[in-house]
Structure formats: C-alpha cells, structure tokens
Amino acid sequence: MAALLRSVRLLKYSPTALLQVIGSSRHGLTASRLHSGAVGTKCVGFNGCQTVPRRFNVNSLFSYRSALPSASCRHYGVVPEQRGPFKDEPSLAVRSKQAQQFDWALAKLDSSVRRTGRVTKTLLLRIFHDICRTGYPSGNQALLLLRSCGSLLPEVPLAERTELAQRIWEKLQELGATYDVSHYNALLKTYLQNEFKFSPTDFLAKMEAANVLPNRVTYQRLIAAYCQDGDIEGASTILGFMKSKDLPITEAVFNSLVTGHARAGDINSAEGILSVMRGAGIEPGPDTYLSLLNVYAEKGDTDKVKQTLETVENADIHLMDRDLMQVIFSLTKAGHQQYVPEIVERMRHERGYVPDAMNLCLSLITQGHEDTAFSVLKSFTGLQVESQTSDSPDLGNFFLRHCVNMDKSVDKMAGFCKDLKDSGLHSTPLQFTLQCALDAKKTGMAVELMRRMKEGGLPVRPHYFWPLFTQHQKDKNIPGILETLRGMQELDIPADVETYTSYILSCFPSVDCARTALKEAGCDLNSDSLIAAELRSDASHGNLSGLLSLMSSSTLPAIDLSAFRASLLIGFRGFQDVELMAKITEILYKDSRFNRVDPENSENVPYFLYNLIDAMSETEVQSKEEKLREYFSLLKNMNISISGNIFRGIRNILESYHVPELIKDVLALVDRKENGMLTDGPLIKRVEVRMTFLEKTMEELKAEGKPADSTLKKIIAILCAEEKLDRALELKAQYEQDMTPASYAMLINLCCRHDNAEEALNLKRELARKDSEVALDAQKYVALVRVLSKHGKLEEAVDMLKEMKEKEVPLRDITINLLTLTMNAAAMKGDATTIRRLQQTIFTLGLAKPSSNLCSPLITCYLESGDYAGAYDAAVECHKQYNQIPKIHDLICALVEKGDAEMLQKVMEFLSQERGEMMMLYDLYFAFLQTGRYKEARKIIETPGLRARASRLQWFAEKCIASQLMEPLENMVDMTVKLFECDRDDMYHYLFRLCKETNDWRKAEAAWTKMQEENLIPRERTLRLLADILKSNNQEVPFEVPEVWFEEVKDQPDMFLEQEIKPSHMIQTSPSKKATASPLKEATVEDYKLRLLSLCKKGKVQEAYDILKKADRKGMVLGAAPYDALIKAFLASGNIEDAVAVKNIATNHIVGFNLSDMASNLLLITQVKRGQMKDALDVLKGMLQADQMPSQLAITRLVQGFGSEGNTKGIQEVESFVKSLGSIKLSSMLFVNNTALSHIKNGEFDSALEVLESVYTQNTENQNPSISFVFRKVLDANNDAALDKLSAMAERLCNHFASYRAATDLFLMYLDTGRAEEAKFLLQRCAAVAEQKDVMFAYMLRASQQPGKAAIIRTLAELVPDFAEKEAIYSYLFKCYGLDKDLGSAKALYEQMQAEGVKADELTLKRLALLYREAGETVPFKEPPETFRFYADKLKKQRSESVSPADD
Amino acid sequence: MAAAASGKRVFEVFVSKVPWTIATKEIRDYFGQFGQVKKCLLPFDKETGFHRGFCWIGFSTEEGLQNALQKDPHIIEDAKLQVQRNRKTLIGRKSNKEAEES
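Everything numeric in this text was worked out from a predicted model, so none of it was measured. For every chain, the first residue of its written sequence is number 1, and the numbers climb from 1 along that sequence. Written order determines the labels here, with chains lettered from A and ligands numbered from 1. Thresholds applied to this predicted model are a pLDDT of at least 70 for local features of residues and 80 or more for the giving and counting of side-chain atom pairs; totals over whole chains, interfaces and linings are not thresholded and use all residues. To get the side-chain values, take all heavy atoms of the structure and skip hydrogens and water.

1. Examining the overall build of chain B
Phase 1: Here a helix means four or more residues in a row that DSSP labels H or I, a strand means two or more in a row labelled E, and each is numbered from the N terminus. The secondary structure content of chain B amounts to four helices and five strands.
Phase 2: Of the regular secondary structure in chain B, the N- to C-terminal order runs α-β-α-β-β-α-β-β-α.
Phase 3: Working definition: with a 1.4 Å probe on protein chains only, accessible area under 20% of the residue-type maximum means buried, over 50% means exposed, and in between means partly exposed. Relative to its full complement of 102 residues, chain B shows a buried share of 49%.
Phase 4: The contact criterion used throughout is that any non-hydrogen atoms of two residues lie within 4.5 Å. Nonlocal contacts in chain B, meaning residues at least 24 apart in sequence, comprise 67% of its contacts between residues at least 6 apart.
Phase 5: In short, Shrake-Rupley with a 1.4 Å probe defines the accessible areas, and a residue's cover is counted only from the protein chains shown. Total accessible area on chain B stands at roughly 5,200 Å², and carbon and sulfur atoms take up 52% of it.

2. Overview of a negative patch on the surface
Residue and element names in this part refer to chain A.
Phase 1: What goes into a patch is any residue over 30% in relative accessible area without a salt bridge, connected to like charges within 9 Å or, for nonpolar side chains (Val, Leu, Ile, Met, Phe, Trp, Tyr), within 5 Å. Salt bridges are identified by distance alone: a Lys or Arg side-chain nitrogen within 4 Å of an Asp or Glu carboxyl oxygen. For the purpose of charge, His is not counted, nor are the chain termini; Lys and Arg are scored as positive and Asp and Glu as negative. One atom stands in for each charge, and that atom is NZ of Lys, CZ of Arg, CG of Asp or CD of Glu. A cluster of acidic residues, Asp1280, Asp1284, Glu1317 and Glu1318, forms a negative patch at the surface.
Phase 2: Put simply, the parts of the chain that give the negative patch at least two residues each are helix H72 (1280-1297) and helix H74 (1316-1325).
Phase 3: Within the element layout of this structure, Glu1317 appears in helix H74.

3. Points about a positive patch on the surface
Residues and elements named next belong to chain A.
Phase 1: Where like charges cluster on the molecular surface, the positive patch consists of Arg1091, Lys1100, Lys1109, Lys1110, Arg1113 and Lys1114.
Phase 2: Considering every element that reaches the positive patch, the biggest residue donor is helix H62 (residues 1101-1113), with three residues.
Phase 3: Positionally, Lys1114 belongs in the loop between H62 and helix H63 (1120-1132).

4. Observations regarding the pairing of strand E1 (residues 11-16) of chain B
Residues and elements named next belong to chain B.
Phase 1: Burial analysis of E1 places five of its six residues in the buried class, the great majority of the element.
Phase 2: Two strands are said to pair when DSSP picks up at least two bridges between them. Alignment of E1 against strand E3 (residues 54-59), held across six bridges, turns out to be antiparallel. From the neighbouring strand, Glu12 faces E3, where its bridge partner is Gly58.
Phase 3: Relative to strand E5 (residues 79-85), E1 is paired through four bridges, and the arrangement is antiparallel. Counted as the bridge partner of Val15 is Val83 from E5.

5. Here's the deal with helix H66 (residues 1173-1185) of chain A
Residues and elements named next belong to chain A.
Phase 1: Residue count minus one, scaled by 1.5 Å, sets the expected span of a helix. With 13 residues, H66 ought to run about 18 Å at 1.5 Å a step, and its terminal C-alpha atoms sit 18 Å apart, in line with that.
Phase 2: All of the buried residues along H66 are Met1173, Ala1176, Leu1177, Val1179, Leu1180 and Met1183. Buried residues along H66 cover an arc of 155° about the axis, so they all sit on one side. Along H66, the residues that are exposed and aim more than 90 degrees away from the buried face are Lys1174 and Gln1185.
Phase 3: Looking one or two places after H66, you find Asp1187, whose phi comes out positive at around 65°. As used here, the arc is the angular range of directions from the helix axis to the C-beta atoms.

6. Some thoughts on the confidence of the model for chain A
Phase 1: The score called pLDDT rates the predictor's confidence residue by residue, from a low of 0 to a high of 100. Scored by pLDDT, chain A has a mean of 78; 84% of the residues are at 70 or more.
Phase 2: Segment residues 676-689 of chain A is flagged for pLDDT under 50; beyond a separation of four residues in sequence, or across chains, it makes 27 contacts in the model.

7. Overview of the side chain of Asn971(A)
All names here are of chain A.
Phase 1: Mapping Asn971 onto the fold places it in helix H55 (residues 966-975).
Phase 2: The class for Asn971 is buried, based on a relative accessible area of 17%.
Phase 3: If sequence neighbours within four positions are ignored, Asn971 has contacts with Leu929 and Tyr934.

8. A few points about the packing of helix H19 (residues 353-366) of chain A against helix H21 (residues 397-405) of chain A
Residues and elements named next belong to chain A.
Phase 1: Note on method: axes are straight lines fitted to C-alpha atoms, helices fitted across the in-contact stretch only, with angles between N-to-C directions ranging 0 to 180 degrees. Here H19 crosses H21 at 20°, and the two axes come no closer than 10 Å. Between H19 and H21, the crossing angle belongs to the class labelled roughly parallel. Seen along the crossing, H19 lies across H21 with a hand that is right-handed. In this structure, H19 uses Met358, Cys361, Leu362, Ile365 and Thr366 to contact H21, whose residues at the interface are Phe398, Phe399, His402 and Cys403.
Phase 2: In the scheme used here, Gly and all other residues not listed as nonpolar or charged are polar, with Ala, Val, Leu, Ile, Met, Phe, Trp, Tyr, Cys and Pro taken as nonpolar and Asp, Glu, Lys and Arg as charged. Partitioning the contact of H19 with H21 into residue classes produces seven nonpolar, two polar and no charged. Between 65 and 115 degrees an angle is taken as roughly perpendicular, under 35 as roughly parallel, over 145 as roughly antiparallel, and anywhere else as oblique. By definition, turning the near helix anticlockwise from the far helix through less than a right angle yields a left-handed crossing, and turning it clockwise yields a right-handed one.

9. Describing the sheet that holds strand E2 (residues 37-41) of chain B
All names here are of chain B.
Phase 1: Read across the open sheet, the five strands follow the order E2-E3-E1-E5-E4; overall the sheet is antiparallel. Each edge of the open sheet is held by one strand with a lone partner, namely E2 and strand E4 (74-76). Averaged over neighbouring strand pairs, the angle between their axes works out to 30° when direction is ignored.
Phase 2: One ladder, built from four bridges, connects E2 with E3; its direction is antiparallel. In the sheet register, Val37 faces E3, and the bridge partner there is Phe59.
Phase 3: The strands touched by helix H2 (residues 24-32) are E1, E2, E3, E4 and E5; relative to E2, the strand with the most contacts, the crossing angle is about 145°.

10. Looking at helix H23 (residues 429-439) of chain A
All names here are of chain A.
Phase 1: Within H23, nine of the 11 residues are buried, which leaves it mostly tucked inside the rest of the structure.
Phase 2: Taken residue by residue, H23 has Pro429, Leu430, Gln431, Phe432, Thr433, Leu434, Cys436, Ala437 and Leu438 as its buried positions.
Phase 3: Buried residues in H23 make contact with H21, helix H22 (410-422), helix H24 (443-455) and helix H25 (466-475).
Phase 4: Two residues or fewer after H23 comes Lys441, characterised by a positive phi angle close to 55°.

11. Focus on the pattern of salt bridges
Residue and element names in this part refer to chain A.
Phase 1: Going through the model one piece at a time under the given rule, you end up with 59 salt bridges over all chains.
Phase 2: Its salt-bridge partner being Lys807, residue Glu803 comes within 3.1 Å of it at the nearest N-O pair.
Phase 3: Looking at Lys807, the relative accessible area reads 23%, which means it is partly exposed.

12. A word on the confidence of the model for chain B
Residues and elements named next belong to chain B.
Phase 1: In this model, chain B carries an average pLDDT of 77, and 75% of its residues clear a pLDDT of 70 or more.
Phase 2: Within chain B, H2 carries the highest mean pLDDT (92), whereas helix H1 (residues 2-6) carries the lowest (37).
Phase 3: Low pLDDT, under 50, characterises residues 1-8; the stretch is placed with 15 contacts to residues that sit more than four places away or in other chains.
Phase 4: Considering only residues more than four positions removed or in separate chains, one finds that residues 89-102, a stretch of pLDDT under 50, has 35 contacts.

Written out as structure tokens, the structure reads:
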C-alpha cells in the first residue's frame, strides 16, 4: 500500500499547477470578484444566508445583479444579519407546508432568475397567490416575494411594481406574517429600484412604531434614497446617525453620495467623493466608477464618460457589460440616446450578455424608449439568441411581444417589423407580432396588423380571428363576437364553416337567434359556410327534425357529408328518434348534394354506418341493440345497401363488442349478389370457445381450399400467449402457405423467448424469403439479436441489426436497454469479441447513440475476468471512438483493491488528460472511499485548491444510499468539512437519508451533534428527516420541528388531536387567559370558542359538540377555526356524520365556509377507510377546485383504496390529478403497485403483469424499485391464482432480464408471511436471489427492529447458508431476541456461536448480558463495562479498519 | 373506404412545426401535390384558438405517402415543416372521425 500512497503523492501534482487550473477557470475569477466586492462590509457576509432554510442555491437569486435601474445592485447579495426567529407560527403542519412551499417558490423564482435574469409578473403573482392560500405566510416567504418586486420585473412599469410590493406587504401582514429588519430593508430596496418617492423619516417612524430597529443596511439604503433625489442634507442626517451609532461607512454609502452630489447639481463634489473615500481608506471600486459614469451620462457629458472609462481601464478595474447597460439606461432616460450606439459598441458580449441586454430592452420599452431598445436589440446580431433550433431567423420575438403588451402603436411596430425583415433578422416579424396581439386578445391592434399584412401581400385567413373569439365565447359575449366578425368583414375575410361552428353559433342560445344577430351585423346568411355550420349545429345538438327539414330544403346548396359527418355521428349516437335517423340517412344516400366529393362512389353512407358503430363504445352498442336493429331494418326497407367490405368492418366491431346478434341485421343490408358469398363465412364467434372454434374453422377452410391466414394468425396468437411453442410450430409446418408476416413475427418472438435460436433464425429466413419487405418491430429484432448472440451466431445477430437499419426500425429506450442487457450477458461470459462487434455495429449504423450504458458492458467484460489492463484499454478505446468513459469508477476501485499502482497511474494520467485534473482527483477520491482507504481519500480531498463539485459528490452519495454503504458516506461527510463551496447541509442530508434507509437513529443523532459542532443551521427538510428517524424509533425529538401531522393520524388519533389543537389553543388563550377559568354562564363567544377548542384538544369531542350546539342555539357564530377544529376531531375518530353536521352549521353561519386543507384531507382518508371511494374522489376533486393541497397520505390512501377495490380508472384519474398538481411528492411505485393490484383484483392478471414487468424491463439498471407491497397484498389475500402469475413473472425477470429485485422481494415476502417452503422453492428456481445481499440485509435490518421476527431471520439464514456475514446475521438475531426478551433463544444462539467458533462481539455480549439481567439471572460471563453506544462505535471502527489495508 | 374496415395500413405522415398562420386548408392543399389526401387532422386548441403546431396527413395510397416522404425540405410559406412517417397508426383509428371535418 505504501507504493500506492507514493503513487498518490505523485498524482498530487504541484499545488501551483492545480491552482493555475483553478485560477484560469471562470468561476475562480468571479468568486474572487465577489470577495473583493464585499470589502468594507465585513460585518455582513454570506453566513446570513444560512439562516434561511433553503434548498436551492439561494445565492443566484440574492447575488444576481440586474442591469437596471440606475440604483446599484452590486450588493443585492448582501443579506442583513438580523433575522427574526419564527414567531407566532400558527401550527406545525402549516409550517411544514410553508417550508415546502418556500422551497418550491424559491426554486421557481431562482430558476427564472438564473435563466433570464428576470421574473415574470404572472409567475410572481402565482407564487403570491399560492403563499396566500395557505393562510399563514412565513417570514422568509414574505422576504422572497418582496425581493422580487424591483428590477427583477423589467416588464412591469415602475409604479406598478411599487404598488405590487406594497400590496404584498400589506396582504401578508394581514395574514399574520411578522416583519423584521430584513423585510424593511427588502422593501427599501424595491423602493430604490423602482425610483419610488417616499419619505425616509416616515419610513423610520413606521419601523419604530413596529418596534423594529434599523441596522446599517437600512441606513445605507435611506442614504441612497435621499441621494436619488439629490438631497445631500437628508443623506448627511442619516450619515450622522450612522456615525453616532459607530456603524462603519462602507463603499456603498460613498457611491450613493457620488450620485447625490451630482443630482444636487454639484458635479465637483461628486468627483471629490473619490478622494474622500481614499482618505477614509476605501479604494473606489467598480461601483463607485459606475455611479460616476451614470451621473456623467445623465448630464450627456460623453467626453467625461469616455475619460472615466479609460481611467477605469488603467486602474485595472473591470466593468461588465451589465454596468455599461446601466450607463445606456441613464443616457436614454436623460434624453441623450444619440450616444447610446457608442456605448453599445463597447460591449464585450460576455457570457450572459444576451439575457442582460434583453432585460435592458424590456425595461427601455416599458419606460417608453422602444427606439433605443431597438438599437440595442440590433446589437444582438450574430449572437445566438432565442430558439436556436428554429431554421428561420426570428430575432427579437421578445421585443415584439413586449411592444404588443405595452400597447405600442401599430405604426411603430410595423416599422420595427419591416426593419427586422429587411435586415434578415426575422423571417416573419409581422405574423409573430400578430400572434402576440391575438394571444393578448387585442382585437383592435390585431385587426390593424392584419390590415398591414394584407396590404403587404401577406395572406390573412379566417382562423387568425379564432383566438379573438375564444375569450368572447367563454364569456358568451355576443357584442364581442359581432365586433370580431365586423373585423373580419372589414378585411374582407368571410367567416368559414369552422369559424361559424366552433366560435360563433355556439354562443347563441339557438340558430335562429344567431341568424337574427348575424343579419343585423350584415353577414351573408346564405353562405355555404353558415349553412354547413347550421347543419353541424343541428346535428350535434340532436335537433334531427330541424336537420331533416334543412337538408330536404330545395334551396340548400350542395354540401358534402364530410362537412358535418362528425357532428352527425354525435347526434345519432343518442338514438332518440330512429325514424328521423333513417330518414336523414336516406337523404344522404339518395341526394347527391351530400356526396359532392366523390359522386361516383356510393360508399358515403355505408362508410358513415361503419363510423357510427365505430364511434360507439361497447356498452353503448349493447344498450342500444334494439334501436340499432330497428334502424338497420328501416334502412333495409329504404333499399339502402352496403358492400361486403363495409359489412366485414362492422361485423368485426360487433364481434369485439360481444353483440354478434346484430350481425345478421347488418348482413341484411349487404347487396344480394355479395350476400351469398358471405353467409358461409364465420359470422359469429364466441370468445370463450375461441380456440376450438378457430381450429375447427381452420380445418373447414382448408377442406374447402380457402385461404385461412387470419384464422391461423389468431390461433398462433393464442398459442403464443400460452407459450405453446411446439404446437405453434407444428401448425406452422402444417399450414405454411397461410402464414402471414404477423404470424411469423409472433412465432419468432416466441422462439426467442424459449431461447431457441436455431428455429427463430429459420423462421426469420423463411419470412424474408416470402416477403423481403416485411420488418419486425424493434423489440422483436432485439430479442433475435439477443438470442442469436447468446448462441454464438454473431454474424446473424449483426445481420439483424443491419436489417433494422435498412428497414428503418426505430429504437426506443426500452429496446436500447435490451441491447445493453444482451451485451451484458456476453460480458458475463467474458466474450469481448461479441460485445465489440455488436457495439460497433450499433454505433456505426447509428441505431443508437453511444451512451455510457451501452459502452459499459465491454468494460464489465474485462473487469469480470480480472483483466484490468484490458479494461483500461477498452475504456480508452470507448473514449476515443464514442467519447464515453463508462465504468471507470469500478475499474479504479478494482485497481486500488489490487494495489496495482502502475496501472492506476496510467488510468489517472489518462483521466486527467481527458477530463481534467479536478475530475480525475474526484474519481480517485471516490475509489479510495469505496474501497475503505480513508486515509488516502482524505489526502486527495484536501488537495489545495480543490473545490466542491456538488454533482459529483451527489453521485457518490446517491450510490452509497442506494447500496446502503454507511461507512464511505460518513467518511465523505467528515472529510469534506473544509472543502471549498461544499454545501454542508446537503452532505448531512445524504447521511440522514441513509440513516433513514437503515433506520439507524443513533447514527442520525450523532450526525446532528456534529452539525452543531460545525455551526450549521439545517434546512427544514433536513430537520424533518432527522425528526422522522428519531420518531420512528420512539426517540424524543430534542428540537422543535414542523411535523407532517397526518403521519400520526393512522396510529394515534389522540396524539394528533393534542398536536393539532395546541398551537391554535395557545394563540387563543394568551391574550385572555382568565376567560378559560371563568364559568360558562356569562360566557361570551370567545369563551365558547376556548371551551370548545380545549374539549377538542382533550378528545372530548361529544362535549365539544354540545358546546357548539348550545352556542348555535344562542345564535353565536364561533368562527371558522373552531368549526374546523371540531370537524377534524370528529373525523379523527371516524365520525363522518357528525363532522358533516358541524360543517352544515358552519356553512349556515359563514358564507363560503370551506373545510381547511387538513380537514378535507382527513375527511378523504376517513371515507377511504370506510370504503366510500366515490365520495373520497369527490372530496379530492373539490379540494383541487378550491385550490387546496391534498396531502401525500390522503392520496396514498385513496390510491390504495382504489387498488384494493379494483378500480383502475380511479387510480388513473388520481394520477392525472396529481400530475397536474406537480408539487406533491409521492413514491413512484404508488401508482404502479396499486394499478397492478387493481388489475389483480379484477382478475386481469396479464395487465397487472405488464404494469409490473415494465418497471423492471424499462428502467435503467440502477433503479431497483420494490414491489413487495403487491406481493404482500396478494399473499395476505391468499390469492393463489395471482400469486402463480406473479411468481412466474418474477422468475421470468430473473431468467430473461437478469433483474432480480422482484424475485428477491417475493422471496422475502414469502418468509415474512411464514411461507418458508415457498421461499425455499423459489430460491431453488432462482438461485441468483441468494446473491441479492443488499436487499436481504436491508430487510433483516428492518425486521430486527420489530418484535417477533427472530424466526424469520433464522429461516433466512438457513435458506441462504452461504451468507459470509455470519456475525452480522447473529447480531441481528440478538437484537431480535433482545426485543422479544427471549433469553432462552439467545442462550442457545450464543452456544451455537461458540460451537461454530464465531466470536461474539462486545455489543452482542452487552445485549445478552442485558437479557440475563432483565430475567433476574446472573450474567455467566464478564459483561463489557462500557455503554452500548461505545461498543457500537467501536464495532464500526473495527469494521472500517478490517476493510482498510494494513500498511506494509 | 374499406381501409379502416379491413384493418389495412393507413398511409399517414406526422407533420410538426406547422406555423400558426397555416390552417387545414393550406396544409391539405400542400400535401395534395403528393397524392390524394384522405385525412388531414390539424387539432386546434379551443381554449386559445391556436392550433398546436402539428398535424396528421393520411394519403389514400402508399405512393402518396412515399412521395411526401421523399420530398425534403417541405417548405410552406417560408416555414420548414417537419414530416415523418406516422408510427402510431393504431391511435389513428378512433380519431379518424375528427379528421373529416377539421
């Protein structure tokens, strides 16, 4: 190992080299700039951020420096150090939701700012609305919203932004948000950014009244406010304040003063500030110069601007494009836009130029300087802007859209469009502008734009007006409709049939009303389009008599059936009046006006009949059977006939709908001469006896010498489903000439499934001989490739791939995964040649793009055989050819394990060359961690200059969590303490997640202590997770944390009540404590409230109800909260009836009373419990409508409820709701497992299997979700039929897909439910299950925490005897015996261990000793003296040492 | 006519990147140059009044389909359409009925 360490030292290139790498990176530069920018503000740092529970990178939002407005944003990132604690938070549940919402809102805003540097008003308002609807906004939510009301909204006019900020301020205050100094500072910032005139003294007075002390940041901003107005005197007063309080005067203050003096007209003093600063020991920074530049720009003094820019350059200060944009803005606002081009030319087009410049344009447009904005826009030329994917240029879309939104004149916009078009920057600017105007429903502007288009020779079409109609249509706004119609007439665009049908007629109560109104509006009432629309309207509304008279009218112009076929189908499906239907059909049949398109063809009506049946559902046809019969017979009497072809189509549908009885009625319509031929054919088939029937038919057909291809196909399909390969092959041999390509395809696939490469290939060749054009689907091809390569027919397999390419069979992810599996199988056999050949073929043909997954089998192949040099060469080869380095971690780990320093050195050199030193170091670091070489790992991670790569750290953490590797993860968390830019909370969160996985609360608790040591403030999600781990182990949670309240409902309704009521109770009592004690007779509303709440809290629900009734009789209204509390209390005890009664009382008193989110959730859960699934679903729908958030538990219960009653549709419905919600987190397997259970419940095993199987066949290898839930349910229900199918599936997954999770889950569930025999057999059939140690250990770990599981673990150990980790199993067993207080078994086990020579560790002895003592017996050995914790830690340490190598 | 009845293949292409200025008629006319267009489904969003930018064209014959597929690029009013063979013909069955009218 020393050698390896040496190699490590060699690898640790000289620090200077490493630093160079880092120093030259973009990040390095910006970071150092950030730091220098903070000079002088030493009391404020980024530490402040950590008090904000944040999940996403808050920094981007905080530190984003928007270009505008002129007020400097350089210190946007500074967070005030004082942050009030949460006060008067309403309830734990609400808090937890707040945290979630905060995360969500923050993520939304953050990503918007990150991408575009701005936030849209819609997004901000949506988040505001969402936050309001919880009712209790938290402090940091308020902060987030307020911060976003300034220059992050370039599209919103300044006054409107301030108004919005004030609205948010007031609304949130009203809802109970508490404001601290950070909020006031944030508000000040928006005032500054929005150039809002306010009185700083009033502001200070307001703060004082609210008992909030201003801090340095407050004063700085107030100074800035005075300076914006050029009020030096005011600024000086504040400055005096600051001095008297000994607050440091920072650069920001001086910068403000520069602006202040200049605006006061004293440019000399402004310039003088710089020397004052230097005198005070502060060197003017970029912001100082920017202030100066801005004041020169405001004066239009370009010489000074240029001069200053030169000074800046000479002082080696770097001004960013963003800074120059502020100068442009100042110039424009002061009316000196003629100088803008000079500044625009100076732009360096740094990264991020485009979004910044876009924001500049938007602000300029908003503030009425669109011409300047346009000149800035044209500086984008040559830069990639929006929609790089589009083929035609479309520069300036955002510009045009914003012009439309700001109601710029059409003249001006048309001018911009012309310019853009002429200069080739945009191919269709006018059309785009029109689209925006239509989107914004600006009728006048849109019509005007269309006029321009028409004048310019561009087409204008009726559908251009549809977006304008939609809004009117929604509002049933007839004047609006008519106005839009007039617009159409003005431009001489007559409305077409679609316009009339979809957008006009539907707004009127009747067609006649419409005609009158249209006539008044001057429309042509006899246009074809209007009449066709009327036909459609009548037809689709089922007004068949109206339709008939319209159709029979002699004045009707010729209108093809196709113009109203769909509407007619809708109208007919009701079957209200069969006679009318028949008459209409007759007209269609006989009147050639309706057969305009193809008058020669008489199939118009027959095809319509086919469509009619096809449009109806199975149940519809079944219930309308008589009506249909009547209809057909009327048609027959009218001598309407259909062709054999159409008949066959209808017959097929009727058969599949199980109404073969109707077939003969349809048959009667067939032309007599054709009729004779058809009657012999098989008309009616029954599904149940299908096979025998089919076989008989087959024989008959053959005997008559008729073609039997479709019958044969059906038989083969059935045989394939039953996996009867031999019989299918026999049939094929027998009826070879009747084999269709589809039959071949099924058969080939069957052969592949049965691993019969020879036969599969024969069939494929036979098929090719018969029809060389036919292509199989991708999955079948890949199955062939798989079976062929498995049996050494590599060339044939390659041929299949080539054929796929030739026939353009597309590969989807599933099939690509199958290819990976195919190659993995070869890898296991060490067959590199096959893998190379397949890989090469796949990639050179372009069937799939090279991916890490597809490349990894080759490396695996060498790794499996221990040929590391080969693996390395293969990796290099993959990198060269396909730019992928798969499995490199495994390779490095293997080399480290083996101690092959030379090879390792080679790999590292390669990696550092290809991916850079940083990445290489991480690779090595993870390998050391993985292999337990922690000392070496530490050396690597402490390399000077190394910085955190969150994605890489996450990659390894996830890997550890997935395979439950605690030790490496723990070490990683320890070692990264000092790592630059490492998100510590993230790191601990990983650790807690694994603790949760392994249910190790001690480890979790220890980690929490460490967090305190590190002075970390955990995010709420982290605290919640930790609390969750502690709670589930019955440990006290030593901190206050928002609990997810519903977790407790299921087990401990009382506890829930206590928790739920307490906070609101406290709020109620604190102001009027004595009221509780006072007797009820002089009771006020307040007293009733308190009494009721306290009774609810104590669980005396009925008494509480009595109080309510009493109050109700006295006509007292108690308010929404007490009602809600009582409803919840009733629901918690499962009493829906009384809950509903209370709700009714509440609704009587309070208009629009709604159950709170929690009560609704609880109601839903209770209903599910009672099996009232429909009601529960309605509650969910109601909640969604009322904009309430359903809880995770409620959804889970609902889905489980549907699953157990077999309501697949219900599950789908819920799933679609949940998808639309977006922000709720549910296990991905919830819907899958329950859908499967639902299918099982209905006996639809195949569907269930399909659902489950796809989980394993379609996912990537890493994901390994559990379907134990399904097995458990099926086992509990003793559903043997389902179990057979499921276990067959699990085995199939093992054998065909090398996916062992399902079988392992089943195996463990067998054990868990006491079916040891079944478990044993399963193990015999799927030996690989025994190797799924991770899953098994996870199971044992969980099991050992519940009492009574010892026997199961014993059986497991017996069934899987080659468990190397005997000690581990024994220690689990001891844990179990400890829980069960089973001294006898523990003694026996101890003896057994001694006999086997397995040494009992101290922790085990400690446990055993405890058992002895508890049973009152003396401990027959020396009890280890230290605590449990001590030995647990010791054990851990020992393990880690035994894994790490001895240093030689 | 009988295509759907006997379950024969439908010769469909899927067209995307249809500019908003183009409606069914224009699309149908354009693809008419390759063969008889049996079906032209360009779904409009009734909420917004705009179409969704993609459509399905069904030809009566294989030849029409092939002609359409062979042509590249497809340009309609300066916009390049993306045309590909429609792989999901099965779904087409139920939506046939919408096609004729839109």
